[in-house]
Amino acid sequence: MSKTVTLDISGMTCAACVGRVERGLSKVEGVEAASVNLATERASVTFDPARTNAAALVRQVEDSGYAAGVASESFAVEGMTCAACVGRVERALGKVDGVVGASVNLATERASVQYLPGTVSPAELHAAVREAGYEVPQAPAAGAEAESRLEAERARKDAEIAGLRRSVGVAAAFSVPLFLIAMVPMLYAPLHHWLLGTVGEQTLNWVMLALAAPVQFGPGLRFYRTGWAALRHRSPDMNTLVMLGTTAAFGYSLLVTLAPGLFPVGSRHVYYEASGVVITLILLGKLFEAIAKGRSSEAMRTLLQLQPQTARVQRGGEVSEIAAASVRVGDLVLVRAGERLPVDGEVVEGRSYVDESMLTGESVPVQKAAGARVTGGTVNGTGALTFRATGVGADTALARIIRLVEDAQASRPPIQGLADRVVGVFVPIVLVIAAVTFAVWLLLGGEGALANALIHTVAVLIIACPCAMGLATPVSIMVGSGRAAQLGVLFRSGAALEGLGEARVVALDKTGTVTRGVMEVTDVLPAPGFGREELLRLTAAAESASEHPLARAIERAAGSGVPAASDFEAIPGYGLRATVEGRRLEVGAARFMERLGLELGDLGAQAGALAAQARTPVFVAVDGGLTGLIAVADPLREGSVRAIEELRRQGSEVALITGDTRATAEAVAAQAGIARVLAEVLPEGKAQAVTELQAGGQKVAFVGDGINDAPALAQADVGVAIGTGTDVAVETADVILMSGDLRGVPNAVALSRATLRNIRLNLFWAFAYNVALIPVAAGVLSPLGVNLSPVLAAAAMGLSSVFVLTNALRLRGFTPPIPSAETARPGEVGQVAHPA
């Protein structure tokens, strides 16, 4: 069985880094697939555990020149008595996915584990020890030793930002005076002449060397470490370009300082300020980039913060506060008003309203009473609840949602293939362009040719750093999928996020998707002289012994207080007969009334109108006289009409697929505003119906309940499951709407298209930027007096990445076309008629 682990990777700066890490991981024996995301700085690796392990993957990442985020956990283990126990615990921990190393000390009775925080949690490590037959003492609720995933992620980001701030501070402290010494005299000639006459050119060169060296080999050392590793693996990247460019400027200047006689008089210039300021500006861009990346993951952090750290649990008649990770299935959990629910469960006592907006995107609280399902992370209202835990740890709905969002953020959409292919050859081409630039300027540059060749070559190397290309797609996917989760939409992958926006046909299952999927009484029309409530009450009593779905709908509409029936008789094909409170009732279709010799009159005409609206009329006769009509139907879901209207406005063709008769299907379609109907389709034929819609190469999104519609969901280019918040793992769906509301479909389509527009703009900016500025940096416009210095090239390169990130962050403000608070308009859903 293959296993998949997630590695946090630091040190990547561009798409070339991503490619090198992926290639390195793919070479590890037993690795089946490796996908690296620059925006999230994570790698998802699928491998055969019989041939390799997490430790080998970490070593490969480090060998590629990067750091794999490995967390450490130390905890007490009780019950060990000998070396065999130690070995057993170590083996149990070693088998857990994501464990890099484990050692157990019998004397101190403690286990020390190195693990991948993106793959396994401390709670799972503790569970593995318990399954091996030993005990892990309960840590205090308020101060658990284990670092949570959120804290680990935040600590890693904070450490990266703090390190960059220190590097920028050190680099700026030396680069600012270096820049002033080099540039200000050039702008003010009297000062330049005064310095040359007072201090001397050679002394100034030594002063600038003293200022440039700490930058080059201090903060700039990071480019050497990663850039050299990239060259060693024959996969040059952004760090390689910076390393070569700044080293060329610094090395040339160093030679001029140490041995000026080696150079012609016109070439005895130093460019220390180019190397020092370039490194400073690139680090400043990296700092802004790291801060922006942190903002891009705010949606995920918000989800992670929804997980309460503690829970009040009743065990053995006693209530105690424990870590939420220690709650077990079957525990009774107590929640006060205003608290977040720590785990999933079923209410056994109490009544309250629960805010499930974090799960479904719907702002209206949902009433919960005994028997209702509740979800961890949601917020309890004003009442107290006691519920039995049914989903804990990784099995909670919130944990599954987080996994789905992370998977979507880590995956690679097809549109990124273009960037990957370009970046794969981009850096080598840049190196060739730089070499050609140097040669051309050296041959044709005249006096000062060597200096000009150096400056233009360094500018080409710096301006061409492909940071923006590497970030263009993943950061948009990251922000877009995070925003989708906030709106109650889960994309399984980046491909799903891209595919939904490209679909031009949206096929809808009828029952449970467009309609509610539950038969309901829509109209009660009593004959003159007979009351509405009385008609419902007597009919429900007569139907109580029937197994027909129509009977259940009438019983629900009647409510409590329904009398008992006797002498029940079912008449196949017609209806039923029963005695209620001494009165004889006949209930059934129009043909039953005609068989009884009863005239339908106005009720017959009304029944025909109701049948045209896909409602089933049920006639009721009491003691031989026609007393009324009850209509039953599977009504449209609230919001179906609005959702379909918006889909059409977005340019999508909407089709209805159902197994119902064509008359019923067309009636429902007319109510919902759907023009194309595929009726009388058997469950096994729905996939074929989707295939018919795909004829001509059209991309089709199919929307269903994710269970009976599994073949059609799989056949469609994008499968969208209408589901509840606690049933998010619909295996065949690419997109999951947690609210169970069809209005989520046009919202998801709109977000998908907004994300695609965002990615295309990012890619255009990244490509156009490089294509336009590389020739300028090479000096093509020098005859016109237009040149791009290495300092300006570094500033432009940094701004490119910041632009891409800032553009992607705009998706955080995406507003859905149908807000969650919008309610169904009058007339969307059939109403129970009241007598005039």
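Keep in mind it's a predicted model, so treat the numbers as computed, not measured.

Novice: In this structure, what is going on with unusual backbone geometry? I would like to understand it.
Specialist: Note: most peptide bonds trans; most residues except glycine with negative phi. The phi dihedral of Glu-581 falls on the positive side, at around 55 degrees, and the residue is not glycine. Along the chain, Glu-581 turns up in the loop between strand E21 (575-580) and strand E22 (583-588). One non-glycine residue, Glu-680, adopts positive backbone phi at about 55 degrees. Its location among the elements puts Glu-680 in the loop between strand E26 (676-678) and helix H26 (686-693).

Novice: For this particular structure, what's the right way to read the pattern of salt bridges?
Specialist: Side chains carrying opposite charge are able to pair once their charged atoms draw close together. Following the criterion strictly, the structure yields 24 salt bridges and no others. Asp-331 is paired through a salt bridge with Arg-315; the nearest N and O atoms lie 2.7 Å apart. Taken together, the residues Asp-331 in the loop between strand E9 (318-323) and strand E10 (332-335) and Arg-315 in strand E8 (residues 310-315) connect sequence positions 16 residues apart. Lys-699 is the partner of Glu-502 in a salt bridge, and the nearest nitrogen-oxygen pair spans 2.8 Å. Note that Glu-502 is positioned in helix H18 (residues 494-502) and Lys-699 in the loop between H26 and strand E27 (700-704), a separation of 197 residues in sequence.

Novice: How should I be thinking about the UniProt feature "transmembrane region" (unreviewed entry) in the protein in this particular structure?
Specialist: Summarizing the sequence annotation, UniProt attributes the feature "transmembrane region" (unreviewed entry) to residues 168-191, 203-221, 241-263, 269-288, 422-444, 450-473, 763-785 and 791-809 in the numbering used throughout. End C-alpha atoms of residues 203-221 are separated by 26 Å, and the span's content is 79% helix alongside 0% strand. Regarding residues 763-785, the helix share stands at 70% and the strand share at 0%, and the terminal C-alpha atoms are separated by 30 Å.

Novice: For this particular structure, what's the right way to read the sheet that holds strand E20 (residues 565-571)?
Specialist: Spatially, six strands are ordered E19-E24-E23-E22-E21-E20 in an open sheet, and the strand pairing comes out antiparallel. Of all strands in the sheet, those bounded by a partner on one side alone are strand E19 (520-526) and E20. Geometrically, the sheet is characterised by an average inter-axis angle of 20 degrees between neighbouring strands, direction not taken into account. As judged from the seven bridges shared by strand E23 (residues 616-622) and strand E24 (residues 625-633), these two strands associate in the antiparallel manner. Residue pairing in the sheet places Pro-617 in a bridge with Ala-631 of E24.

Novice: Looking at this model, I keep getting lost on the packing of aromatic side chains. Mind explaining?
Specialist: Each aromatic ring pair is characterised by the separation of its centres together with the angle its planes make. According to the stated counting rule, one finds five aromatic pairs in the structure shown. Taken together, a centroid distance of 6.0 Å and an interplanar angle of 25 degrees make the contact between Phe-217 and Tyr-224 stacked. One aromatic cluster in this structure is built from Phe-217, Tyr-224, Phe-250 and Tyr-272. Lying across the ring of Tyr-574, Arg-591 places its NZ or CZ 5.9 Å from the centre. Sitting above the plane of the Tyr-574 ring, Arg-595 keeps its charged end 4.6 Å from the centroid.

Novice: I keep staring at the environment of Val-521 and nothing clicks. Help me out?
Specialist: Structurally, the position occupied by Val-521 is in strand E19. The spacing of Val-521 and Ile-554 is 33 residues in sequence and 6.1 Å in space, taken between C-alpha atoms.

Novice: Any chance you could explain the sheet that holds strand E18 (residues 505-509) here in plain terms?
Specialist: One key point about sheets: their strands pair by backbone hydrogen bonds, in either a parallel or an antiparallel sense. With respect to topology, seven strands assemble into an open sheet ordered E17-E29-E28-E27-E18-E25-E26, the strand pairing being mixed. Strand pairing shows two members of the sheet lacking a second neighbour, strand E17 (489-491) and E26, which therefore form its edges. The sheet shows a mean angle of 20 degrees between the axes of neighbouring strands, direction not considered. Of the strands in this sheet, E17, E27, strand E28 (718-722) and strand E29 (735-737) touch H18, which is tilted by about 95 degrees from E28.

Novice: Could you clarify how one ought to interpret a nonpolar patch on the surface in this entry?
Specialist: Judged by side-chain polarity, Val-432, Val-436, Val-440, Leu-443 and Leu-444 come together as a nonpolar surface patch covering roughly 530 Å² of accessible area. Within the secondary structure, Val-440 is located in helix H14 (residues 416-444).

Novice: Help me understand helix H23 (residues 601-612) in this model?
Specialist: Side chains of residues three or four places apart in an α-helix project in the same direction, reflecting 3.6 residues per turn. Over its twelve residues, H23 runs 18 Å from end to end, which matches the ideal 16 Å to within 8%, given 1.5 Å per residue. Once H23 finishes, Ala-614 follows within two positions and takes phi at roughly 65 degrees, a positive value.

Novice: What should I look at first to understand the confidence of the model for the protein in this one?
Specialist: In low-pLDDT segments, the atomic positions of the prediction should not be examined closely. Averaged over all residues, the pLDDT of the protein is 81; the fraction at 70 or higher stands at 86%. Low pLDDT, under 50, characterises residues 139-147; the predicted model gives this stretch 17 contacts beyond four residues in sequence or across chains. This stretch, residues 823-836, has a pLDDT under 50; its non-local contacts, to residues over four places away or in other chains, come to 35 contacts.

Novice: Can you help me understand the pairing of strand E12 (residues 352-355) in this one?
Specialist: Taken residue by residue, a regular strand's side chains alternate between the two faces of the sheet. By the alternation rule, side chains of E12 split into Ser-352 and Val-354, which are all buried, and Tyr-353 and Asp-355, of which none is buried. Note: E12 against strand E15 (residues 379-380), two bridges, orientation antiparallel. Residue pairing in the sheet places Asp-355 in a bridge with Val-379 of E15.

Novice: I keep staring at the packing of helix H17 (residues 474-486) against helix H28 (residues 744-778) and nothing clicks. Help me out?
Specialist: When two helices pack together, their arrangement is given by the angle between the helix axes and by the axis-to-axis distance. Relative to each other, H17 and H28 sit at 160 degrees, their axes nearing to 9 Å. What the angle tells us is that H17 and H28 run roughly antiparallel. Crossing angle aside, the handedness with which H17 passes H28 is right-handed. Here Val-475, Ser-476, Ile-477, Gly-480, Arg-483 and Ala-484 of H17 come into contact with H28, specifically with Leu-751, Thr-755, Asn-758, Ile-759 and Asn-762. Broken down by class, the residue content of the contact of H17 with H28 amounts to five nonpolar, five polar and one charged.

Novice: What exactly am I supposed to notice about the environment of Trp-441 here?
Specialist: Inspection of the secondary structure assignment puts Trp-441 in helix H14. Ignoring any residue separated from it by four or fewer positions in sequence, one finds Trp-441 in contact with Ala-449, Asn-452, Ala-453, His-456, Ala-778, Gly-779 and Ser-782. A polar contact of 2.8 Å, which involves the side chain of Trp-441, links it to the backbone oxygen of Ala-778.

Cut-offs and rules
- Residues numbered from 1 in each chain as written.
- Predicted model: local features only at pLDDT ≥ 70, side-chain atom pairs only at ≥ 80, totals over all residues.
- Heavy atoms only, no water.
- Helix = DSSP H or I, 4+ residues; strand = E, 2+ residues; numbered from the N terminus.
- Salt bridge = Lys/Arg side-chain N within 4 Å of Asp/Glu carboxyl O.
- UniProt positions renumbered as here; feature names shortened; annotations may be inferred.
- Pairing = 2+ DSSP bridges.
- Axes fitted to C-alpha atoms, helices over the stretch in contact; angles between N-to-C directions.
- Phe/Tyr/Trp six-rings, centres within 6.5 Å; stacked < 30°, edge-to-face > 60°.
- Lys NZ or Arg CZ within 6 Å of the ring centre and 35° of its normal.
- Contact = heavy atoms within 4.5 Å.
- Patch = residues over 30% accessible without salt bridge, like charges linked within 9 Å, V, L, I, M, F, W, Y side chains within 5 Å.
- Areas by Shrake-Rupley, 256 points an atom, 1.4 Å probe, with all protein chains shown as cover.
- Expected span 1.5 Å × (residues − 1).
- pLDDT = per-residue confidence, 0-100.
- Buried < 20%, exposed > 50% of the residue type's maximum accessible area, 1.4 Å probe, protein only.
- Parallel < 35°, antiparallel > 145°, perpendicular 65-115°, else oblique.
- Left-handed = near helix turned anticlockwise from the far one by under 90°.
- Nonpolar A, V, L, I, M, F, W, Y, C, P; charged D, E, K, R; others polar.
- Polar contact = N/O pair within 3.5 Å; in protein donor to acceptor, adjacent residues only side chain to side chain.

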